[in-house]
Amino acid sequence: MDEDKVLRQIEFYFSDSNLRRDKWMITEIGKDEKGFVKLELICAFNKMKSLNATDVSKVAEVVSKSSLLQLNEDKTMVKRISELPQYDDSDDRTIYAKRFPADMSLDALQEFWGAYGKVLLITMRRNLDKSFKGSVLVEYEKVEEAKALLDKKDEIKFKEDKLEISTKKEWENTKKDFKNSKEEEKKDKKRKAEDEAAEQKEQKRAKYLEEIAERPVPENEVIHVSGLDGTQTLTSLQEHFQKFGDVRFVEFTNGETTCFIRYVNPIANKVVEEAKDAKFGELTLTLRVIEGDEAKEFWKNVWIAQYNRKESKAENQQNQGGRGGRGGRGGRGGRGRGRGGRGKGN
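Note that the coordinates shown come from a computational prediction; the quantities given were computed from them, not determined experimentally. (Residues numbered from 1 in each chain as written. Predicted model: local features only at pLDDT ≥ 70, side-chain atom pairs only at ≥ 80, totals over all residues. Heavy atoms only, no water.)

Peer 1: I keep staring at the pattern of salt bridges and nothing clicks. Help me out?
Peer 2: Tallying each qualifying case throughout the model produces 20 salt bridges. For Arg-288, the salt bridge identified is with Glu-294, shortest N-O distance 2.7 Å. By relative accessible area, Arg-288 is classed as partly exposed at 36%. We classify Glu-294 as partly exposed; its relative accessible area is 29%. (Salt bridge = Lys/Arg side-chain N within 4 Å of Asp/Glu carboxyl O. Buried < 20%, exposed > 50% of the residue type's maximum accessible area, 1.4 Å probe, protein only.)

Structure (structure tokens):
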């Protein structure tokens with residue numbers, strides 16, 4: 001058992017540096033009104049086992065030589081002599097350094113930095129896979145030691161490699177700035193992707209509008225109905241006009257006095273002739289086949305609604321990573337009884 005290493009290790013457990021972050025030790029210290037911790041617990045630590053320091057009586061002999069620690073009367077418990085400081089000035093006593101080799105050991109780091117003052121804590125920064133990053137945080141006992149080291153940081157080398165050294169606060173600010181720049185870069189990338197997607201969407205829509213502008217308009221499929229009194233329903237209209245042929249959809253909004261009826265087959269002229277004298281309840285309706293610009297505008301709206309539903313469904317599936325929700329239903333993009341309520345489908 002290397003007594004010097006064992007003593008340094010136990011003193012570290014009770015040090016300001018460790019107790020700032022070691023909640024377990026703080027809890028154990030708080031269990032005893034005088035702040036003692038059982039030596040058998042300390043000896044059970046993995047680090048103590050690696051130092052062959054598991055015999056409580058032998059470890060007690062080592063602790064008895066410390067100027068920082070105190071044993072209880074039967075030498076089975078240990079505590080720190082001084083109270084924890086009210087003010088934490090550890091940031092002012094800590095430096096950051098990088099460019100160490102990946103196989104650097106803690107003992108080698110302690111020896112290296114010990115040449116510049118009394119080291120209380122060395123934190124080896126690690127990657128997610130626990131490998132050493134090559135950078136460290138070194139906490140000295142006194143602010144003056146850290147300042148003296150920083151004054152000659154340009155001269156400090158590890159072997160032949162010049163180290164990059166700064167205060168802990170400077171390193172934290174640099175890291176924060178780097179993180180912020182990465183977040184901004186990520187946001188910019190997202191905005192750019194969204195803008196590109198929006199532009200592609202607009203180009204696709206413009207191309208579709210050009211295509212339907214040249215598309216032949218179906219003839220003799222749609223009739224315009226007027227003379228309703230606003231009390232009709234989508235269902236009642238569909239049932240009435242289904243008597244004259246297979247209805248594809250009914251475009252109607254509750255309360256309106258007009259609607260459009262689209263048939264599956266080009267029979268609109270025939271329906272107008274057959275239904276012109278047929279009563280709808282107590283009403284006599286006026287029917288006509290839509291033609292010309294009216295027909296072009298009607299079918300343009302139908303095709304745009306179909307396009308919008310298709311795009312909306314694809315977008316929902318993409319956002320949900322699977323099956324999308326139900327798209328809009330009906331003729332011109334509405335659902336149910338709004339504009340675009342449907343008969344038997346599209």
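Next comes the rest of the account.
Peer 1: What exactly am I supposed to notice about the sheet that holds strand S10 (residues 222–226) here?
Peer 2: Note: strands within a sheet are paired through backbone hydrogen bonds, in either parallel or antiparallel orientation. An order of S11-S12-S10-S15 is seen for the four strands of this open sheet, with the pairing classed as antiparallel. The strands lining the two open edges of the sheet, one partner per strand, are strand S11 (247–251) and strand S15 (286–289). Averaged over all neighbouring strand pairs, the angle between strand axes comes to 20°, with direction disregarded. By the bridge criterion, four bridges tie S11 to strand S12 (residues 258–263) in an arrangement that is antiparallel. Directly across from Glu-251, in S12, lies its bridge partner Phe-260. Sitting on the sheet, helix H11 (residues 268–275) touches S10, S12 and S15, and the angle it makes with S15 is about 160°. Set on the sheet, helix H12 (residues 292–320) makes contact with S10, S11, S12 and S15; between it and S12 the angle comes to about 75°. (Pairing = 2+ DSSP bridges. Helix = DSSP H or I, 4+ residues; strand = E, 2+ residues; numbered from the N terminus. Axes fitted to C-alpha atoms, helices over the stretch in contact; angles between N-to-C directions. Contact = heavy atoms within 4.5 Å.)

Peer 1: I'm lost on the sheet that holds strand S1 (residues 37–38) in this one. Help?
Peer 2: What the three strands build is an open sheet, ordered S1-S3-S2; its pairing is antiparallel. Of all the strands in the sheet, the pair left with one neighbour each is S1 and strand S2 (69–71). The pairing of S1 with strand S3 (residues 77–80) spans two bridges and is classified as antiparallel. Counted as the bridge partner of Val-37 is Val-78 from S3.

Everything listed is a geometric property; what it means functionally is a separate question.
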